[in-house]
Amino acid sequence: MGGIDLDHGMSTQRLIHYLSAEGSRYHHDKYQRWNKRLAHHVECAILHGLLRHVGHSHDVFDAPSGPGRFFDVIKEHADEIHLGDISPHMLDIAREQTQNRAASYTVLDLLNIGPAHRTFEGVISLRLTHHIYEAEALEEYFRGLALLTRRWLIVTFRDARAPRTLWRRVERRLRGKRPLPAQTVDQVSAAMRVHGLHFVASTQVSAWFSGHCYALFVRTPDVNLDE
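Cut-off values and rules
- Residues numbered from 1 in each chain as written.
- Predicted model: local features only at pLDDT ≥ 70, side-chain atom pairs only at ≥ 80, totals over all residues.
- Heavy atoms only, no water.
- Helix = DSSP H or I, 4+ residues; strand = E, 2+ residues; numbered from the N terminus.
- Rg over C-alpha atoms; globule rule 2.2 N^0.38 Å.
- Buried < 20%, exposed > 50% of the residue type's maximum accessible area, 1.4 Å probe, protein only.
- Contact = heavy atoms within 4.5 Å.
- Areas by Shrake-Rupley, 256 points an atom, 1.4 Å probe, with all protein chains shown as cover.
- Lys, Arg positive; Asp, Glu negative; His and termini not counted.
- Charge placed at Lys NZ, Arg CZ, Asp CG, Glu CD.
- Expected span 1.5 Å × (residues − 1).
- Salt bridge = Lys/Arg side-chain N within 4 Å of Asp/Glu carboxyl O.
- Axes fitted to C-alpha atoms, helices over the stretch in contact; angles between N-to-C directions.
- Parallel < 35°, antiparallel > 145°, perpendicular 65-115°, else oblique.

K.L.:
What should I look at first to understand the overall build of the chain in this one?
P.N.:
Of regular secondary structure, the chain possesses eight helices and nine strands. Taken against the 2.2 N^0.38 rule, which gives 17 Å for 227 residues, the C-alpha radius of gyration of the chain at 17 Å falls within 12% of a compact globule. Projected onto the principal axes, the alpha-carbon positions of the chain cover approximately 50 × 40 × 30 Å. Expressed as a percentage of its 227 residues, the buried residues of the chain come to 49%. Taking contacts inside the chain between residues at least 6 apart in sequence as the whole, the part at least 24 apart equals 64%. When the accessible surface of the chain is totalled, it reaches about 11,300 Å², and 52% of it is carbon and sulfur. Across the chain, the 28 positively charged side chains and the 26 negatively charged ones have centroids separated by 9 Å.

Next comes the structure, spelled out in structure tokens:
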């Protein structure tokens, strides 16, 4: 299979592009295209539904926040919104797009979260798992999210059973490319249970045209995470 250089379990080339000023602006500008605007509308509706499920929260952390495209959705369900991203350039765009209304803008690496890091009532982490090719890096990402949240977590992943994912995996295999990162709901749920979070609900963006899935997890009561 075609190999790629990896950093943080992700394509080094893609990560460098994302961290650059040009790459950050590209990730903002691409959602001006009509198909991306439609996808954004669908994702906003999904996020609204899951946030209504958990109820109003005091503080919510959105990371990676990207250019802050979900800020207006989250603000309807939280008193404080904190944005985090590995790219300082992306946070500059997020500050501009949100008119500096977030409670904080933090540069951080979600694969390097320590137990002393500030926690939040809820954490939203979207559009990252499908870039992580290594199982160890994915587990470190899930561990970091679990450390950050006190009550609930919304995360996205590419559904391994979605028709769109199955087709793309076949296509890449025929072209000799590295397999797409993808998980099932059961796999993600099992990984989260290790960290005291249990599955509540999931929603597909589009099984046929996207393959991405939103999933909500909540903190399991009376779980000792040191066990």
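K.L.:
Just to check I follow, could you spell out helix H7 (residues 163-174) for this structure?
P.N.:
Residue pairs spaced three or four apart in an α-helix point in one direction, given the helix's 3.6 residues per turn. Between its first and last C-alpha atoms H7 spans 17 Å; for 12 residues at 1.5 Å apiece the expected length is 16 Å, and the two agree. Following H7 by one or two positions, Gly176 has its phi on the positive side, about 75 degrees.

K.L.:
Explain the pattern of salt bridges to me, please; I cannot follow it from the model alone.
P.N.:
Where side chains of opposite charge bring their charged atoms close, a pairing between them can arise. One pass over the full model with this rule turns up 10 salt bridges. Here Arg127 ties to Glu43 by a salt bridge, and the two come within 2.9 Å at their closest N and O atoms. With Arg127 in the loop between strand S6 (120-125) and helix H6 (135-148) and Glu43 in helix H3 (residues 34-54), this pair connects stretches of sequence that are 84 residues apart. On the basis of relative accessible area, Glu43 is assigned to the buried category, the value being 0%. Across the salt bridge formed by Arg151 and Glu121, the nearest N and O atoms sit 2.8 Å from each other. Taken together, the residues span a long stretch of sequence, with Arg151 in strand S7 (residues 149-158) and Glu121 in strand S6 at a distance of 30 residues. By sharing partners, the salt bridges in this structure join Asp59, Glu80, Arg118 and Arg150 into a single network.

K.L.:
Is there a simple way to explain the packing of helix H1 (residues 12-19) against helix H2 (residues 21-29) in this structure?
P.N.:
Any two packed helices are characterised by how steeply their axes cross, that is the angle between the axes, and by the distance between the axes. Orientation of H1 relative to H2, taken along the N-to-C sense of each, is 85 degrees, at an axis distance of 4 Å. Regarding the angle of H1 to H2, the classification is roughly perpendicular. Taken together, the residues of H2 that come into contact with H1 (itself represented by His17, Tyr18 and Leu19) are Ala21, Gly23, Ser24, Tyr26 and His27.

Scope: geometric values only; no functional claims are made or implied.
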